[in-house]
Amino acid sequence: MALRTRIRNGAKPVVRWGLRHAVPRTAVRAAARRGDLQARLIGLAASPGSPDLTGLFDEIRERGPLVRGDFAYTTVSHAAVKEVLTSNDFRAGVGAGGSGLLSRLDAWAAPGHLHPVAPPSLLATEPPEHTRYRKLVTRVFTVKAVENLRERTEQIAADLLDALDPAGPVDLVEAYCGLLPVTVIAEILGVPPEDRRRVLELGSAAAPSLDMGLSWRQFRAVDAALVAFDAWLSDHLARLRANPGDNLLSRLAAATEDGVGLTDLELRATAGLVLAAGFETTVNLLGNGIALLRGNPAELAELRREPQLWPNAVEEVLRVDPPVLLTGRTCLRDTEVLGTRVRAGAVVTTVLAGANRDPAVFADRARFDVRRENAREHVSFSAGRHYCLGAALARMEGEVGLRALFDRFPDLRLLPGASRRGTRVLRGYEHLPALLRG
């Protein structure tokens with residue numbers, strides 16, 4: 001019996017990888033060779049050097065607001081993206097579900113640990129569960145609550161900048177962009193200082209979990225990071241239950257909605273997503289913003305002349321180089337999107353970065369313009385019921401973090417050796433070497 005259990009447990013990851021990565025990767029590569037636009041986008045997004053995707057966005061756009069491919073519909077239309085993301089005819093995620101053999105096999109191979117795109121994660125649930133989870137968390141991320149964190153965020157940024165050596169080169173992602181948001185969210189969630197770098201490492205290692213088509217080696221590394229993160233989170237929640245403090249997780253553990261609180265699994269899933277999402281995307285926002293501002297010195301000069309433009313500059317960073325490339329939705333019932341018939345069960349890939357460059361909405365869309373009047377119309381935080389609950393926090397951290405860095409080091413110069421992350425969905429820099437004083 002013990003041997004049979006070991007064999008079964010050893011087979012599950014192999015089956016999971018095969019169904020969710022190996023088979024789709026092979027199919028996508030074949031489709032890309034045939035010219036399938038979504039398959040080409042997936043392949044190009046993971047290419048070394050993170051090439052500019054604008055040309056491919058335009059190819060998709062020329063085919064219409066909703067383009068049917070081998071696996072899914074794809075849209076870079078701002079109007080179509082908004083409609084799909086806000087419609088009750090679509091649900092989050094791309095899992096087909098059902099009772100077929102592959103679905104049963106996938107359910108059998110499901111991991112015992114948390115995954116960011118598996119229930120009860122907020123990313124993968126729908127009302128009424130999603131509504132209940134979100135209500136318990138949203139109050140901490142209101143605009144007013146976030147503004148109350150601004151002074152503390154400014155102090156954290158100042159402390160991190162104090163610790164940098166202005167005489168030598170520094171990797172801004174490692175020494176600043178990563179540490180600022182992880183410190184802020186860690187304080188919100190009651191994570192002790194000695195655990196924060198470990199949480200940052202685990203979050204970065206688990207980031208490819210949002211991608212499809214991982215190699216076996218990548219899959220095993222991501223799986224190990226998710227297992228370790230789940231174990232750490234269980235221990236952390238146990239400590240907070242024993243010694244609750246004035247932090248979000250302590251309040252979440254005790255909170256109820258209509259007399260019902262979160263189960264242990266729901267609490268871990270919600271806390272894990274808030275923690276990881278609280279810094280992973282903001283790391284990208286800060287790194288992308290630094291690169292854009294240094295690459296557009298005239299715009300940086302505008303901010304120095306008129307610092308009141310910083311909030312809008314953050315919106316323009318989010319529009320031009322968003323931290324998340326795309327998200328997927330599954331059609332629940334036959335419907336229409338901008339005149340295109342979509343059948344129940346069909347998947348729609350909404351390319352957020354493509355919608356942010358829709359010429360029907362954004363004039364001179366390729367230009368990075370900190371004065372752009374409608375920059376905030378980007379869809380980088382998604383839309384509808386799955387709109388990012390940490391959007392206000394990310395905006396504030398982006399403004400504080402970027403402004404503090406360029407105020408302290410106005411002659412900051414980026415050095416050769418910058419590299420983008422190898423992830424498809426999350427878009428940002430893995431390394432951003434710089435010389436702080438010219």
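It should be noted that the structure appears before, not after, this text.
Since the model is a prediction, treat every value here as computed from it, not as a measurement.

Trainee: In this structure, what is going on with unusual backbone geometry? I would like to understand it.
Mentor: Most peptide bonds take the trans configuration, and most residues that are not glycine carry a negative phi. The omega angle of the peptide bond from P119 to P120 is 10°, so this bond is cis rather than trans. Relative to the helices and strands, P120 is located in the loop between α5 (101–108) and α6 (129–138). Geometrically, the link from P127 to P128 is a cis peptide bond, its omega value of 10° lying close to zero. Looking at where P128 falls in the secondary structure, it is placed in the loop between α5 and α6. You will see that L338, though not glycine, has its phi angle at about 50°, which is positive.

Trainee: What exactly am I supposed to notice about the nonpolar core here?
Mentor: Among soluble globular proteins, nonpolar side chains are generally buried collectively. Counting 81 residues, the largest nonpolar core has L172, I185 and L189 as its most contacted members. With 14 residues, the single largest contributor to this core is helix α14 (residues 264–295). Residues in contact with I185, not counting those within four places in the same chain, are F141, V274, L275, G278, F279 and L393. Ranked by size, the runner-up nonpolar core spans 23 residues in total, among them L41, F57, V76 and V425.

Trainee: Would you take a moment to explain the packing of aromatic side chains for this structure?
Mentor: Two aromatic rings, taken as a pair, are described by how far apart their centres are and by the angle between their planes. If you walk through the whole model with that rule in mind, you get four aromatic pairs. Residues F229 and W232 carry aromatic rings whose centres are separated by 6.1 Å and whose planes lie at 25° to one another, so their mutual orientation is stacked. On the criterion of helical spacing, the pair formed by F229 and W232 is a turn pair, its members being three residues apart in helix α12 (residues 216–242). A relative accessible area of 11% places F229 in the buried class. Judged by its relative accessible area of 11%, W232 falls in the buried class.

Trainee: Sorry, what's going on with the pairing of strand β10 (residues 347–351) here?
Mentor: Moving residue by residue along a regular strand, the side chains alternate between the two faces of the sheet. Of all the five residues making up β10, five are buried; the element is thus mostly covered by neighbouring parts of the structure. Where burial is concerned, the two faces of β10 agree: the one with V347, T349 and V351 and the one with V348 and T350 are both buried. Two strands pair when backbone bridges link them, and strand β2 (residues 73–75) and β10 are joined in this way by three bridges, in the parallel orientation. Across the sheet, residue Y73 finds its bridge partner in β10, namely V348. Here five bridges tie strand β7 (residues 326–331) to β10, and the two strands are oriented antiparallel to one another. Bridging from a neighbouring strand, R329 pairs with V348 of β10.

Trainee: What am I meant to see in the pattern of salt bridges here?
Mentor: Where charged atoms of side chains with opposite charge meet at close range, the side chains can pair. Here the structure, examined in full by the defined rule, presents 30 salt bridges. Between D264 and R268 there is a salt bridge, with its nearest N and O atoms 3.4 Å apart. Of this pair, D264 and R268 are both found in helix α14, four residues apart, which corresponds to roughly one turn of the helix. Judged by relative accessible area, R268 falls into the buried class, the value being 12%. In the salt-bridge network here, residues are joined through shared partners; they are D58, R61, D358 and R365.

Trainee: What am I meant to see in the sheet that holds strand β14 (residues 433–435) here?
Mentor: Either a parallel or an antiparallel arrangement is found when strands of a sheet pair, and the pairing is made through backbone hydrogen bonds. The strand order β4-β14-β11 describes an open sheet built from three strands, whose pairing is antiparallel. Sheet topology places β4 (169–171) and β11 (413–414) at the edges, where each strand pairs with a single neighbour. As paired strands, β11 and β14 are joined by two bridges and run antiparallel to one another. Across the sheet, R413 pairs through a bridge with L435, a residue of β14.

Trainee: Which parts of the structure should I look at to understand helix α8 (residues 150–162)?
Mentor: Spacing of three or four residues puts side chains on the same side of an α-helix, whose turn is 3.6 residues. Over its 13 residues, α8 extends 18 Å from the first C-alpha to the last, a length consistent with the 18 Å expected when each residue adds 1.5 Å. Those residues of α8 not exposed but buried are R150, T153, I156, A157, L160 and L161. In a view along the axis of α8, the buried residues occupy a sector of 135°, so they form one face of it. Of the residues in α8, the exposed ones pointing more than 90 degrees away from the buried face are E151 and D162. In this structure, the buried residues of α8 make contact with α7 (143–147), α9 (172–177), α10 (179–188) and α18 (391–408).

Trainee: Would you mind showing me how to read the packing of α12 against α14 here?
Mentor: Packed helices, taken two at a time, are described by their axes: the angle between them and the distance between them. Running from amino to carboxyl end, α12 crosses α14 at an angle of 110°, the nearest separation of the two axes being 10 Å. Classed by the angle they form, the pair α12 and α14 counts as roughly perpendicular. Contact residues: α12 offers F229, D230, W232, L233, S234, L237 and R241, while α14 offers D264, L267, R268, A271, G272 and L275. Residue composition of the contact of α12 with α14, by class: seven nonpolar, two polar and four charged.

Trainee: It is not clear to me how the packing of α14 against helix α16 (residues 310–320) should be interpreted in this structure. Could you clarify?
Mentor: In contact at an axis separation of 10 Å, α14 and α16 are set at 100° when each is read in the N-to-C sense. The angle between α14 and α16 places the two elements in the roughly perpendicular class. Side by side, α14 and α16 meet where L285, N288, G289, L292 and L293 of the first sit next to W310, V314, V317, L318 and V320 of the second. Its residues assigned to classes, the contact of α14 with α16 shows eight nonpolar, two polar and no charged.

Trainee: Looking at this structure, how should I read the sheet that holds β2?
Mentor: One open sheet accounts for five strands, arranged β1-β2-β10-β7-β3; its pairing is mixed. A strand with exactly one partner marks an edge of an open sheet, and here the two such strands are β1 (67–68) and β3 (90–92). Of the strands in this sheet, β2, β3, β7 and β10 are in contact with helix α4 (residues 78–86), which crosses β10 at around 125°.

Trainee: What am I meant to see in the side chain of T153 here?
Mentor: By the secondary structure assignment, T153 is in helix α8. By relative accessible area, T153 is classed as buried at 1%. Other than its neighbours up to four places away in sequence, T153 contacts L180, V184, M396, E397 and V400.

Trainee: Where do I start with the environment of L414 in this structure?
Mentor: As for its position among the elements, L414 is in strand β11. Looking at L414, the relative accessible area reads 28%, which means it is partly exposed.

Cut-off values and rules
- Residues numbered from 1 in each chain as written.
- Predicted model: local features only at pLDDT ≥ 70, side-chain atom pairs only at ≥ 80, totals over all residues.
- Heavy atoms only, no water.
- Helix = DSSP H or I, 4+ residues; strand = E, 2+ residues; numbered from the N terminus.
- Core = buried A, V, L, I, M, F, W, Y, C linked by side-chain atoms within 4.5 Å.
- Buried < 20%, exposed > 50% of the residue type's maximum accessible area, 1.4 Å probe, protein only.
- Contact = heavy atoms within 4.5 Å.
- Phe/Tyr/Trp six-rings, centres within 6.5 Å; stacked < 30°, edge-to-face > 60°.
- Pairing = 2+ DSSP bridges.
- Salt bridge = Lys/Arg side-chain N within 4 Å of Asp/Glu carboxyl O.
- Expected span 1.5 Å × (residues − 1).
- Arc of directions from axis to C-beta.
- Axes fitted to C-alpha atoms, helices over the stretch in contact; angles between N-to-C directions.
- Parallel < 35°, antiparallel > 145°, perpendicular 65-115°, else oblique.
- Nonpolar A, V, L, I, M, F, W, Y, C, P; charged D, E, K, R; others polar.

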